[in-house]
Amino acid sequence: MNREYHFRAKGDAEQIRRALESLDGEIEKFDLREDEVDIIWRPNTDTDPHQQIADMMRTGNHADGILLLELFLSDDPADTTALFNLGMAYSDQGEWHRAIEVLRRLIEYEPQHTNGLVALGVALLRANQTQDGIYELQHALTQGPDNVWARQNLGAGLLQLGHHAEALEHLRHAVEIKADDPALWFDYGRALQMNNDVRAAQKAYRKVIDLDESSEIAQRAHAALGEK
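Fair warning: this is a prediction, and the values are worked out from it, not measured in the lab.

Parameters at a glance
Residues numbered from 1 in each chain as written. Predicted model: local features only at pLDDT ≥ 70, side-chain atom pairs only at ≥ 80, totals over all residues. Heavy atoms only, no water. Helix = DSSP H or I, 4+ residues; strand = E, 2+ residues; numbered from the N terminus. Buried < 20%, exposed > 50% of the residue type's maximum accessible area, 1.4 Å probe, protein only. Contact = heavy atoms within 4.5 Å. Areas by Shrake-Rupley, 256 points an atom, 1.4 Å probe, with all protein chains shown as cover. Core = buried A, V, L, I, M, F, W, Y, C linked by side-chain atoms within 4.5 Å. Polar contact = N/O pair within 3.5 Å; in protein donor to acceptor, adjacent residues only side chain to side chain. Phe/Tyr/Trp six-rings, centres within 6.5 Å; stacked < 30°, edge-to-face > 60°. Lys NZ or Arg CZ within 6 Å of the ring centre and 35° of its normal. Axes fitted to C-alpha atoms, helices over the stretch in contact; angles between N-to-C directions. Parallel < 35°, antiparallel > 145°, perpendicular 65-115°, else oblique. Left-handed = near helix turned anticlockwise from the far one by under 90°. Nonpolar A, V, L, I, M, F, W, Y, C, P; charged D, E, K, R; others polar.

> Any chance you could break down the overall build of the protein for me, citing the residues and the numbers?
Per the secondary structure count, the protein includes 12 helices and three strands. Across its three principal axes, the protein shows a C-alpha extent of roughly 65 × 35 × 30 Å. Buried positions account for 48% of the 228 residues belonging to the protein. Nonlocal contacts in the protein, meaning residues at least 24 apart in sequence, comprise 47% of its contacts between residues at least 6 apart. Only carbon and sulfur atoms are counted for the fraction: they give 44% of the accessible area of the protein, which is about 11,900 Å².

Structure follows, in structure tokens:
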């Protein structure tokens, strides 16, 4: 028998209903009481609602995705998958303070959630809380030393603070782990340039172009090389 979810939500009841109906499952109860909706929902066999919500947001439907994640958290506030995905969604939408709040809740429930720590660090950097962001990213690296996302964003944060040599080491490690990522090579080139290693920076920018000549990041690499 599939799990039964109990949701409580405030807001536009019809939007909530439409969002739920986009998932593979059945609404068994939908009661509107004053300004709150009381819902019982059951997924169909072998359905992973979190994957469906992630797919929904990848296609650009962030509003319904966020609404649904909030619903799942009303059923289980300790749902770490929902917390992680919601924090990421808020961060990507520029709602950094909401992202920070959600991701801190995630880490309280699961301190060893390395990608959660990285996401928290990134949200803090985006909110211009650079020192706090660096702390969380360094914490993430104690759990996952080869986490490329942590290395890349820690490098970016350190560059913001003017710690160019330290940033360079993290970005060098990142391109060693994932040598086919043009964005990593671009950031590595920037770090080399800020460390006054112009020749190595030029090679890094050339690598960006070689990896994906038609991309926007390749155009930025051309500009960094002084090319049109």
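Back to the text.
> A description of the nonpolar core should follow, citing residues and the corresponding values.
In globular proteins that are soluble, nonpolar side chains generally tend to be buried together. I39 and L71 are the most contacted members of the largest nonpolar core, which totals 72 residues. No other element matches the eight residues that helix α6 (residues 114–126) contributes to this core. Setting aside residues no more than four positions away along its own chain, L71 makes contact with F7, R8, A9, I16, L20 and I39.

> Provide a residue-level description of the side chain of S215, including the pertinent values.
In this structure, S215 sits in the loop between α11 (198–211) and α12 (216–224). Residue S215 is classed as buried on the basis of its relative accessible area of 14%. Among the polar contacts made by the side chain of S215, one reaches the main-chain amide nitrogen of A218 at a distance of 3.1 Å.

> Pulling in residues and values, what's your account of the packing of aromatic side chains?
Applying the stated criterion to the full structure yields eight aromatic pairs. Here the aromatic rings of W41 and F72 are separated by 5.9 Å at their centres, their planes lie at 80 degrees, and the arrangement is edge-to-face. Of the two residues, W41 is situated in strand β3 (residues 36–43) and F72 in helix α3 (residues 62–75); the sequence distance between them amounts to 31 residues. Each member of the pair, W41 as well as F72, carries the same accessibility label: buried. Three or more aromatic residues link up through ring pairs in this structure, and these residues are Y5, F7, W41 and F72. Just above the ring of F30 sits the side chain of R17; from NZ or CZ to the centre is 4.0 Å.

> Would you mind going over the packing of helix α8 (residues 148–160) against helix α9 (residues 164–177) in detail, with residue names and values included?
One can describe the packing of α8 onto α9 by two numbers: an axis separation of 8 Å at closest approach and a directional angle of 155 degrees. When the axes of α8 and α9 are compared, the pair comes out roughly antiparallel. For the pair α8 and α9, the sense of crossing is left-handed. Here V148, R151, Q152, L154, G155, L158 and L159 of α8 lie close against α9, whose contacting residues are H164, E166, A167, H170, L171, H173, A174 and I177. For the contact of α8 with α9, a count of residues per class yields eight nonpolar, five polar and two charged.

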